[in-house]
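# A closer look at the structure
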Amino acid sequence: MMILLYVFLVIAFVFIILILVAPKQFDVSRSITINKPISEVFAYLKFVKNQDYWSPWKKKDPTMKQEFFGVDGEVGFVAKWEGNKDVGSGEQEIVGVVENDILKTKLRLFKPWKSESDAYLKVEALGLNKTNVVWGFSGESKPPSNVFFMFFNMNKAAGKDFEEGLASLKIILEK
C-alpha cells in the first residue's frame, strides 16, 4: 500500500512541475502578400461572414450551423457556430475595427475544449497594389490545460490552417 502512495505522490509531483514549466501564453500568426490595394483587402476582411469563403474550418464542415447577431463589419457583431468534431462550437465577436489597419475579434471556443483568444486580421500596405495580411491569435493557457501544450504544437497545427486559409484568401481577392 505504501508503494502505491509513493507512486501517486511522484506522479502528482511530476504533474505539478509540468504545470509550473508548461507555456502559459500562446501566439500564432501567419502572413501573405496579396496583390490588391489595402483598401480593397480590408473592405473584404472586415466582414466576418466572408470567412466562410476562405476559412479552412468552414471547409472542414460545410454544413455547420451558424447564427449571426449584429451588423457584420462593426464592433459587437457575433458569429456563432456549431459543427462536427473538426470545428467544434464557439463564437467570434468583433471587438475592434481600425479601417485599413486591423480587425480584432474575441474567439471563444466551447467544444472540444473551452478557451478564449484574441484574434486579428492586420493589413499593411506594401505599395499601391500590394498588401501584407497577417492572421493570428493569442491567448493564455491556464493550468492544468497548459500541460497539454507541451505535447501539442499549437503554432504548427493552427499555423497550417492559417496558411491554408490565407492561400484561399489570396486566390479570392486576386481574381
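Just so it is clear, the model here is predicted, and its values are computed rather than measured.

Take the side chain of Ser-89 next. As for its position among the elements, Ser-89 is in strand 4 (residues 89–98). In this structure, Ser-89 is in contact with Trp-81, Glu-82, Arg-108, Leu-109, Phe-110 and Lys-111, ignoring residues within four places of it in sequence.

This part takes up the pattern of salt bridges. Opposite charge on two side chains makes pairing possible when the charged atoms of those side chains draw close. Scanning the entire structure with this criterion turns up twelve salt bridges. The salt bridge partner of Asp-118 is Lys-106, with a shortest N-O separation of 2.5 Å. With Asp-118 in strand 6 (residues 115–127) and Lys-106 in strand 5 (residues 102–111), the pair connects residues that are twelve residues apart, well separated along the chain. According to the relative accessible area criterion, Asp-118 is partly exposed, its value standing at 37%.

Turning our eyes to something else, we now look at the packing of aromatic side chains. In total, this model carries six aromatic pairs according to the counting rule given. Between Trp-57 and Trp-135, the ring centres sit 5.6 Å apart and the planes meet at 75 degrees, which makes this aromatic pair edge-to-face. A residue pair is termed long-range when its members are at least 10 positions apart, and Trp-57 in helix 4 (residues 56–60) and Trp-135 in strand 7 (residues 130–140) qualify at 78 residues. Judged by relative accessible area, Trp-57 falls into the partly exposed class, the value being 28%. Trp-135 gets classed as buried once you look at its relative accessible area, which sits at 7%.

Nonpolar side chains in soluble globular proteins tend to end up buried together. One finds Leu-45, Val-133 and Leu-169 to be the most contacted residues of the largest nonpolar core, which totals 30 residues. For this core, the secondary structure elements donating two or more residues are strand 1 (25–34), helix 2 (38–45), strand 3 (78–82), strand 5, strand 6, strand 7 and helix 5 (154–174). Here Leu-169 is in contact with Ile-34, Tyr-44, Leu-45, Trp-54 and Val-133, once residues within four sequence places are set aside.

Definitions and cut-offs
Numbering of residues begins from 1 in every chain and follows the order in which that chain's sequence is written. Only residues with pLDDT of at least 70 get local features here, since the model is predicted, and only at 80 or more are side-chain atom pairs given and counted; chain-wide, interface and lining totals rely on the full set of residues. Side-chain metrics in this entry use all non-hydrogen atoms of the structure; hydrogen atoms and water are not considered. Helix and strand labels come from DSSP, where a helix needs a run of H or I of at least four residues and a strand needs a run of E of at least two; each type is numbered from the N terminus. The contact definition used throughout considers only heavy atoms, calling two residues in contact when any of these lie within 4.5 Å. By definition, a salt bridge exists where a carboxyl oxygen of Asp or Glu is found within 4 Å of a side-chain nitrogen of Lys or Arg. In this scheme, a residue with accessible area under 20% of its type's maximum is buried, one over 50% is exposed, and one in between is partly exposed, where area comes from a 1.4 Å probe on protein chains only. In this analysis, rings of Phe, Tyr and Trp, with Trp reduced to its six-membered ring, are considered paired at centre separations within 6.5 Å, and the interplanar angle assigns stacked below 30 degrees, edge-to-face beyond 60, and tilted for intermediate values. Here, nonpolar core means buried Ala, Val, Leu, Ile, Met, Phe, Trp, Tyr and Cys residues that are tied together by side-chain atoms lying within 4.5 Å of each other.

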